[in-house]
Amino acid sequence: MTENERWSKIRRALISVSDKTGIVEFARVLTEFGTEIISTGGTAKHLRDAGIPVRDVSDITGFPEMMDGRVKTLHPRIHGGLLALRDNKEHVNAMWEHGIEPIDMVVVNLYPFLETVSREGVKLDEAIEQIDIGGPAMIRSAAKNWKDVAVLVSPAAYKNIANELRQHEGALSLFTRAWLVQEAFRQTSEYDDAILIYLSDVIREEGLNGGFDFEVTRLSIGRYPWRQATSETNKLPMWEKLRLRKVRDLRYGENPHQQAALYNGGNDSGVANAELLSGKEMSYNNYLDTDAAWQLVSDFEESTCAIIKHTNPAGVGQDSNPEKAYRKALQTDPVSAFGGIVAFNRPVDEATAKAVIEIFTEVVIAPEYEPAALEILRSKKNLRVLRAQSGNEIIELEHRQISGGMLMQTRDSHKLSPKDLTVVSKRQPTPEEITAMMFAWTVCKHTKSNAIVYANAGQTVGVGAGQMSRVDSVRLGASRAQLPVQGSVLASDAFFPFRDGIDEAAKHGISAIIQPGGSVKDQESITAADEHGLAMVFTGIRHFKH
C-alpha cells in the first residue's frame, strides 16, 4: 500500500464550533463508528442536547474553562494529542508518560470576527473578544500534523467527509487529509488578514501608530490585501499579498483553447462586481472590453457615453441627454461600433435604450436603468446588460503578470485642469479649443499607445491607437474619421519626437494640439505649430497605456 492510499481511522475527535450548522448530523456519523467526541462549552451543550455523548475538554486538561472562555484548549494534553507523530516512538512514549491521548480529528470553525466588525457601531472591546485564540491554535496544530490528524474548518465539508467515513468504516484517506489541510491554512490566513486590517484601521483612526508608516488597506486586489509602504511617498509595498475568490468559470479565455475564470477582489464596485440584469454570461473578452469602457466614462464628471472595441474607444460622446451622448459616440465610427461595448456614467432612459438596440451590441453597462429602458434592452436576448457601482477611486495599485514575476504600479489617476496647461505656441487657444482639448486628452488617456485622438468639444472625431509610429497614429486617426477633421483638436498621449507628426496633423486642418512635451526636439514641434497657425499646449504629463 502506497502512502497516498493510507487510511486512518478516526478514534477520537475534538469538536468546537462557532457556526453549529450541520454539526449534530456530522457528530452522529462519527459516533456510528465508535469515535469518542471531545468538546467545549456551547458546542458540548449543543451536542448533548441532541443526545450525543460528549467528553468535556476540562476532563482531559484537568482545568476548567476560565477567563470568559479565553482559556480552555490551550493545554499540552490537547496540543500534544494533535502534534504527536504516530510513527515516532519518542513522541508515542511521551504521550503515554504524560497521559496524553491522541486526537485524530479536529472540527473547528472560528469566532465570527469579520461578521462582528462589519456591523455598524461595533466597539473595539467587542471586536477584540471575537479574536479566536484556541481555534486557530488547534487548527494549526492539527494541520501541521495532517498526515495523522484530519482538520475540518467548514460545515461545507461535512457531507463529503461523512460519506467517506461511511464508505471506509470510519477512516479517512491521506488524500482527503491533504485536501483538508489546504483549506485549513487558507481560512486561518484569511482570518488573520481580517484582524490585521481592522486593527490597523482602528490604530490609525485613534492615532496610536506613533508615526510608523504602516499601511493596511482594501485598495485593490484580494479579499483582505495588505501593504506595508516603504516610505511616505512610495506607495509600493516591500511585499505584496494577493488573495482572490473565484466567482465563476468562464466558457474560455481570449481564445477557445484557453481556460478562464472571474475572480473577486473583495470590493463591491467595478466591472467584476457588476450585476448582470439580462443577457448571456460575460466572456473573458467581454470583461476586458467592458472594464476599459467603464473606466473611461468613470473618468468624466460630465454625462458621457463610450463605445469600445478591443479595449480602445471607437467613439466617445458627451451630452446631458444620454441618447444624444450615445449618438455622438456612434457618429465617430459606426462601423467599428457594431458588436461593441457601450458604457454610460449616467442612468439609461427609454429613448437611449431604443437607440442602443438599433445596432448589434455585446454589452451595455451603466449605473442604473429606468424600468422602461431595461424592458427594451431585455428584448435583445443576447445583449448583456450590466449595472455597476462606481469606485475607481479606490484602485490605487495595478498588477500585471510577466514571466517569472509581477509588475506593480500606482494607477494613472491624474486628472488635468485647464490651469495646468502651458501654451507654447504663438497663437493662444480659444476657450472652445481648450474645452475640446481637455475632452480629447482624457479619451487619449484610455487609448492604447501610441495614441492620437481627434475631437471637438464633447465628441471624438477620429482615433489612432496602438501604432508603432506616432506619425502613423496621426495618419490612421484622420483616415478613419467619419466626421470632418477640419477644425478639430488633436491629443497625443506622449510627446512628438519629430515635427513630422505636427505637419501631418496640419494637413487635415486641425486647429490645436495638446501633448505632454518633453522631447529634445520640442522646439521643432513648436516651430511647426507656429508655421501652420496652430495653437499648442503642453501638459507636462504623459499617458502611455500598454
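Because the structure is a prediction, the values reported are computed rather than measured.

## Observations regarding the overall build of the protein chain
Move 1: Along the backbone of the protein chain there are 18 helices and 25 strands.
Move 2: Counting only residues that meet the buried cut, the protein chain has 49% of its 546 residues in that class.
Move 3: Taking the contacts inside the protein chain whose residues are at least 6 apart along the sequence as the reference set, 55% of them involve residues at least 24 apart.
Move 4: Per element, the accessible surface of the protein chain, about 27,000 Å² overall, is 51% carbon and sulfur.

## Remarks on the pattern of salt bridges
Move 1: The tally for this structure, following the rule as stated, stands at 27 salt bridges.
Move 2: Put simply, Lys354 and Glu350 hold a salt bridge, and the shortest N to O gap is 3.6 Å. With Lys354 and Glu350 both in helix 13 (residues 350-356) and four residues apart, this pair spans about one turn of that helix.
Move 3: Note on Lys354: relative accessible area 46%, which makes it partly exposed.

## Looking at the packing of aromatic side chains
Move 1: Per the counting criterion, the structure on display carries four aromatic pairs.
Move 2: Ring plane angle 40° and centroid distance 6.5 Å describe the contact between Tyr326 and Phe344, whose orientation is recorded as tilted. One end of the pair, Tyr326, is in helix 12 (residues 322-332); the other, Phe344, is in strand 15 (residues 340-344), and 18 residues separate them in sequence.

## Some thoughts on the environment of Val335
Move 1: Along the polypeptide, Val335 turns up in the loop between helix 12 and strand 15.
Move 2: The exposure class of Val335 is exposed, given its relative accessible area of 66%.
Move 3: Residues Val335 and Ala314, spaced 21 residues apart in sequence, show a C-alpha to C-alpha distance of 9.1 Å.

## Concerning the environment of Pro516
Move 1: Here Pro516 is to be found in the loop between strand 24 (512-515) and helix 18 (522-532).
Move 2: With 21 residues separating them along the chain, Pro516 and Phe495 place their C-alpha atoms 5.4 Å apart.
Move 3: Sequence-distant contacts of Pro516, that is, excluding residues within four places in its chain, are made with Trp441, Ser492, Asp493, Ala494, Phe495, Phe538, Thr539, Gly540, Ile541 and Arg542.

## Observations regarding the pairing of strand 16 (residues 361-366)
Move 1: The element strand 16 is largely enclosed, with a buried count of five among its six residues.
Move 2: Crossover connection from strand 15 via helix 13 to parallel strand 16: handedness right-handed.
Move 3: Pairing of strand 16 with strand 17 (residues 384-387), which is carried by four bridges, proceeds in the parallel orientation. Residue pairing for strand 17: Val364 is matched across the bridge by Val385.
Move 4: Since strand 16 and strand 17 lie parallel, the crossover through helix 14 (residues 371-378) that links them has a hand, and here it is right-handed.

## Some points on the sheet that holds strand 3 (residues 36-39)
Move 1: Strands sit in the order 4-3-2-5-6 across an open sheet of five strands; the sheet is parallel. Each having just a single partner strand, strand 4 (55-56) and strand 6 (150-152) make up the two edges of the open sheet.
Move 2: Two strands pair when backbone bridges link them, and strand 3 and strand 4 are joined in this way by two bridges, in the parallel orientation. Residue Ser39 lies in a different strand from strand 4, and its bridge partner there is Asp56.
Move 3: Across the sheet, helix 1 (residues 23-32) lies against strand 2 (12-17), strand 3, strand 5 (105-109) and strand 6, angled at about 175° from strand 2, the strand it touches most.

## Points about the nonpolar core
Move 1: Counting 41 residues, the largest nonpolar core has Ile365 and Ile514 as its most contacted members.
Move 2: Residue contributions to this core peak at eight residues, all from helix 15 (residues 431-445).
Move 3: Here Ile365 is in contact with Val271, Thr290, Trp294, Val342, Ala343, Phe344, Leu386 and Ala388, once residues within four sequence places are set aside.
Move 4: Among the nonpolar cores identified, the runner-up in size contains 28 residues, and Leu14, Ile60, Ile103 and Ile195 belong to it.

## What about unusual backbone geometry?
Move 1: A cis amide bond links Ser449 with the next residue in sequence, Asn450, at an omega value of -10°.
Move 2: For Asn450, the position within the fold is in the loop between helix 15 and strand 21 (452-456).
Move 3: Residue Glu169 is not a glycine yet carries a positive backbone phi of 50°.
Move 4: Here Glu169 shows up in the loop between helix 9 (158-167) and strand 7 (171-173).
Move 5: A positive phi angle, close to 70°, is found at Thr311, a residue other than glycine.
Move 6: Residue position: Thr311 is located in the loop between strand 13 (304-309) and strand 14 (312-318).
Move 7: Residue classification places Thr311 among the buried positions, given a relative accessible area of 19%.

## Considerations on the confidence of the model for the protein chain
Move 1: Residues at a pLDDT of 70 or more form 88% of the protein chain, whose mean pLDDT is 86.
Move 2: Ranking the elements of the protein chain by mean pLDDT puts strand 8 (residues 227-229) last with 41 and strand 24 first with 98.
Move 3: Below pLDDT 50 for its whole length, residues 211-232 participates in 80 contacts with residues either more than four positions away or in separate chains.

## Overview of the packing of helix 4 (residues 76-83) against helix 8 (residues 134-144)
Move 1: As a packed pair, helix 4 and helix 8 sit with axes 8 Å apart at the nearest point and diverge in direction by 30°. Between helix 4 and helix 8, the angle falls in the class roughly parallel. Listed contacts from helix 8 to Ile78, His79, Leu82 and Leu83 of helix 4 are Ala137, Met138, Ser141, Ala142 and Lys144.
Move 2: Looking at the contact of helix 4 with helix 8 residue by residue, the classes come out as six nonpolar, two polar and one charged.

## Concerning the packing of helix 16 (residues 470-479) against helix 17 (residues 500-507)
Move 1: In the contact formed by helix 16 and helix 17, the axes pass within 9 Å of each other and the chain directions differ by 10°. As far as their axial angle goes, helix 17 and helix 16 are roughly parallel. Here Val471, Val474 and Arg475 of helix 16 come into contact with helix 17, specifically with Asp500, Gly501, Glu504 and Ala505.
Move 2: When grouped by side-chain class, the residues that make up the contact of helix 16 with helix 17 number three nonpolar, one polar and three charged.

## Details of the environment of Phe113
Move 1: For Phe113, the location among the structural elements is in helix 6 (residues 113-117).
Move 2: Each C-alpha atom of the pair Phe113 and Ile131 lies 6.1 Å from the other, and the pair is 18 residues apart in sequence.

About the cut-offs
Residues numbered from 1 in each chain as written. Predicted model: local features only at pLDDT ≥ 70, side-chain atom pairs only at ≥ 80, totals over all residues. Heavy atoms only, no water. Helix = DSSP H or I, 4+ residues; strand = E, 2+ residues; numbered from the N terminus. Buried < 20%, exposed > 50% of the residue type's maximum accessible area, 1.4 Å probe, protein only. Contact = heavy atoms within 4.5 Å. Areas by Shrake-Rupley, 256 points an atom, 1.4 Å probe, with all protein chains shown as cover. Salt bridge = Lys/Arg side-chain N within 4 Å of Asp/Glu carboxyl O. Phe/Tyr/Trp six-rings, centres within 6.5 Å; stacked < 30°, edge-to-face > 60°. Right-handed = clockwise from strand over helix to strand, strands pointing away. Pairing = 2+ DSSP bridges. Axes fitted to C-alpha atoms, helices over the stretch in contact; angles between N-to-C directions. Core = buried A, V, L, I, M, F, W, Y, C linked by side-chain atoms within 4.5 Å. pLDDT = per-residue confidence, 0-100. Parallel < 35°, antiparallel > 145°, perpendicular 65-115°, else oblique. Nonpolar A, V, L, I, M, F, W, Y, C, P; charged D, E, K, R; others polar.

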